[in-house]
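# Observations on chain architecture
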Amino acid sequence: MKTETEGTLLAFLVLLALGLEPAVIKANPSNPISFIALSVFFAALILWTVLLTTGRFKEILEKPAELKRTFLTGLFATAIAYSLYSLGTSMSTAVNSAIITRLEVFYSLAIGWLLLRERVSGRALAASLLLFGGVFLVLTQGKGITPRKGDLLLLITPLFWQLGHAVAKFTDYSPLTIATLRNTFGFLLLLPFALMSGIQLTGLAVAEGVIIAATQALWYASISRINLSKATAILTPAPAVTIAVAIAFLGEKVGVYHLLGFLLVTIGTLLIAFEESGTR
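Residues numbered from 1 in each chain as written. Predicted model: local features only at pLDDT ≥ 70, side-chain atom pairs only at ≥ 80, totals over all residues. Heavy atoms only, no water.

## Looking at helix 6 (residues 104-115)
- Its 12 residues place the ends of helix 6 16 Å apart at the C-alpha level, agreeing with the 16 Å of an ideal helix rising 1.5 Å per residue.
- Within the span of helix 6, buried status applies to Glu 104, Val 105, Tyr 107, Leu 109, Ile 111 and Gly 112.
- One or two steps after helix 6, the chain reaches Arg 117, where phi turns positive at roughly 55 degrees. (Helix = DSSP H or I, 4+ residues; strand = E, 2+ residues; numbered from the N terminus. Expected span 1.5 Å × (residues − 1). Buried < 20%, exposed > 50% of the residue type's maximum accessible area, 1.4 Å probe, protein only.)

## Digging into the nonpolar core
- Within the largest apolar cluster, 51 residues are counted, with the highest numbers of intra-cluster contacts made by Val 40, Tyr 82, Tyr 85, Ile 99, Trp 161 and Leu 190.
- At 10 residues, helix 2 (residues 32-54) tops the list of elements feeding residues into this core.
- Ignoring anything within four residues of it in the chain, the contact list for Tyr 85 reads Glu 21, Pro 22, Ile 25, Ser 97, Thr 101, Leu 154, Thr 157 and Trp 161.
- Listed in part, the five residues of the second largest apolar core include Val 14, Leu 15, Leu 235 and Ala 238. (Core = buried A, V, L, I, M, F, W, Y, C linked by side-chain atoms within 4.5 Å. Contact = heavy atoms within 4.5 Å.)

## Section: the side chain of Glu 208
- Looking at the secondary structure, you find Glu 208 in helix 10 (residues 203-223).
- The buried charged residue Glu 208 lacks any salt bridge, with Arg 182 as its nearest oppositely charged partner at 9.3 Å. (Lys, Arg positive; Asp, Glu negative; His and termini not counted. Salt bridge = Lys/Arg side-chain N within 4 Å of Asp/Glu carboxyl O.)

## Let's talk about the side chain of Asn 31
- On the secondary structure map, Asn 31 appears in the loop between helix 1 (3-27) and helix 2.
- Within the structure, the side chain of Asn 31 is placed 3.3 Å from the side chain of Ser 197, a separation counted as a polar contact.
- A distance of 3.0 Å separates a polar atom in the side chain of Asn 31 from a polar atom in the side chain of Gln 200.
- If near-sequence neighbours (up to four positions away) are discounted, Asn 31 is found in contact with Ser 197, Gly 198 and Gln 200. (Polar contact = N/O pair within 3.5 Å; in protein donor to acceptor, adjacent residues only side chain to side chain.)

## Things to note about the packing of helix 2 against helix 4 (residues 67-91)
- Closest axis-to-axis distance for the helix 2/helix 4 pair is 9 Å, and the angle between their directions is 135 degrees. Between helix 2 and helix 4, the angle is such that the two are oblique. As helix 2 packs across helix 4, the resulting crossing turns out to be right-handed. Contact with helix 2, carried on its side by Pro 32, Ile 33, Phe 35, Ile 36 and Val 40, involves Thr 78, Tyr 82, Ser 83, Ser 86, Leu 87 and Ser 90 of helix 4 and no other residues of that element.
- Of the residues assigned to the contact of helix 2 with helix 4, the class counts are seven nonpolar, four polar and no charged. (Axes fitted to C-alpha atoms, helices over the stretch in contact; angles between N-to-C directions. Parallel < 35°, antiparallel > 145°, perpendicular 65-115°, else oblique. Left-handed = near helix turned anticlockwise from the far one by under 90°. Nonpolar A, V, L, I, M, F, W, Y, C, P; charged D, E, K, R; others polar.)

Okay, here's the thing in structure tokens:
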């Protein structure tokens, strides 16, 4: 199988996993903090298995100073972000969760410009306005601004994902090692709060752990084979998968404003995805 085909198929697998994730979180019957802590634990367990069998763990011993950065990535992108994601989805809907968190592309532009000195074009700014418009429609449903607590948590979730990604960009470890340590530190940070809220193991926590590990491993494998812009573009319709699952299994209703918001978010993301990389 050609490298291009392999990378494309891997990206589509990530798309399916990302589309399922909000529905899995929404269906979770246990408390959100316990759920996400155990999910991250299972993700770390899976990734450590891969790391040890491939011998990549040796770079941790060779570059111990990089542990500080992976700790920060675990703090921002896993402990804080996934707590907000789990709590927000539990208080909102799977459909809202899938669409609102697509605002991650806007946060990546802002953080890239401020912290990484990446170039932001006029087209990227226009695309950001489309993203804002799409999320606004989902939040308001065409009425006055009456955001729910869950939606507000989902709105800031991508900010912490991107802060973690910005730190990871300066980390001198392989992507697999970063993903493994990110989830390891994330679990350790979440564990005290999970113990206080009461540990409740469910099959869905295991399923979410598999999704977290799979999306990170498959994503890194995909972008090693095809262009990042192409892989990102393939992931754009992930909310469509969530909408289908939410209707079929969760009984959620999807209105015209959800569909319009999803359309604007998709257009905005695609415009940004095909931007050429550059620095200021």
